[in-house]
Amino acid sequence: MVKKIIIANWKMNPQTSKEAERIFNSLTNNLRQITKNKKSKLKNVEIIICPSFTHLPLLSVVGRRSSVKFGAQDVFWELQGAYTGEISAAMLKDLKCQYVIIGHSERRKFGETDDMVNKKVLASANDGLNVILCVGEHYRENHNEIPAIVEEQVRLALAGVPKSMLDKIIIAYEPVWAIGSGMPDTPEGAMMAAVLIRKTVIGILGSAAKNLRIVYGGSVNAENAGSFINHESIDGVLVGGASLDPREFAKIILSAK
Ligand code: PGA
């Protein structure tokens, strides 16, 4: 069974490890309670939580017996050395972190280029981390047409990535206009983007990319999550704001059929 992927991006929240622990424990308690008599419900989902770097050490210990996996929100491409303030893939793996978000629009906004995104993708996948690569346009003039920038971001980010690394890559389609705006894309819009992204990657890496996992992100909440998660061409969701509310996030997870 192919599992649906539900990713939480906590961004620069919360401000203390204690609060991070409370949110995490509250989420797992909510899931436990709701699924008390239907344990199988969680078997069809892969839950990935991406807290800030500073909360990762504690959460990876607190969550070690749960099925939740952890990811970071960024990584540097060099292996080690004089790179003040940066974090390497090896450091993340040392924290039992298995995933990393790369190229989020909130990082691109601060000057992260496609070239930097590409170096981060290559370094992470080479080092055995699973990559959650974010792409998405700022504006969509015609709602029925995904702008070419999405295709370009995918091409540039995956330059030099061999076929053998494909199973380490998840692409998150996150239209920038939908992030944090309360105005999500429609499932049809997200589906069109997923089709374009898959076609682009098949064009680069061949039919092996047929099974590439593509998720949607941008103003996902408990009400709309099911329409994205359960869409046949979408493999899951990347959730920002709503993932910090344990009850809401539990509902999002449980909306996977
Ligand atoms: P949002 O953020 O769910 O708050 O819109 C999504 C994201 O930035 O990944």
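Our subject is the structure that appears above.
Fair warning: this is a prediction, and the values are worked out from it, not measured in the lab. (Residues numbered from 1 in each chain as written. Predicted model: local features only at pLDDT ≥ 70, side-chain atom pairs only at ≥ 80, totals over all residues. Heavy atoms only, no water.)

### Focus: the sheet that holds strand β5 (residues 130-135)
Note: strands within a sheet are paired through backbone hydrogen bonds, in either parallel or antiparallel orientation.
Move 1: Pairing in this closed barrel of 8 strands is parallel, and the strands run β1-β2-β3-β4-β5-β6-β7-β8 around the ring. With strand direction ignored, the average angle separating the axes of adjacent strands in the sheet is 25°.
Move 2: When strand β3 (residues 69-72) meets strand β4 (residues 99-102), the two strands line up parallel, connected through 2 bridges. Counterpart to G71 in the pairing with β4 is Y99. (Pairing = 2+ DSSP bridges. Helix = DSSP H or I, 4+ residues; strand = E, 2+ residues; numbered from the N terminus. Axes fitted to C-alpha atoms, helices over the stretch in contact; angles between N-to-C directions.)

### A few points about the pairing of strand β6 (residues 169-173)
Move 1: Burial within β6 is extensive, with 5 of its 5 residues counted as buried.
Move 2: By the bridge criterion, 5 bridges tie β5 to β6 in an arrangement that is parallel. By the bridge assignment for β6, V135 is matched with Y173.
Move 3: Tracing the backbone out of β5, into helix α6 (residues 148-157) and back to the parallel element β6 gives a crossover that is right-handed.
Move 4: Strand direction decides the pairing type here: β6 and strand β7 (residues 213-217), joined by 4 bridges, are parallel. (Buried < 20%, exposed > 50% of the residue type's maximum accessible area, 1.4 Å probe, protein only. Right-handed = clockwise from strand over helix to strand, strands pointing away.)

### Considering the pattern of salt bridges
A side chain with one charge can pair with a side chain of the opposite charge if their charged atoms come near.
Move 1: Counting across every chain of the model gives 14 salt bridges.
Move 2: For D185, the salt bridge goes to R140, with nearest N and O atoms at 2.5 Å. With D185 in the loop between β6 and α7 (187-205) and R140 in the loop between β5 and α6, the pair connects residues that are 45 residues apart, well separated along the chain. Neither D185 nor R140 differs from the other in exposure class; each is buried.
Move 3: Linking D235 and R198 is a salt bridge whose minimum nitrogen-to-oxygen distance equals 3.8 Å. Pair noted here: D235 is in the loop between α8 (225-229) and β8 (236-239) and R198 is in helix α7, with a separation of 37 residues, a long-range link. Each member of the pair, D235 together with R198, is buried.
Move 4: Bridged by salt links that share partners, the residues D74, R107, E112 and K120 form one connected network. (Salt bridge = Lys/Arg side-chain N within 4 Å of Asp/Glu carboxyl O.)

Nothing here speaks to function; it is geometry throughout.
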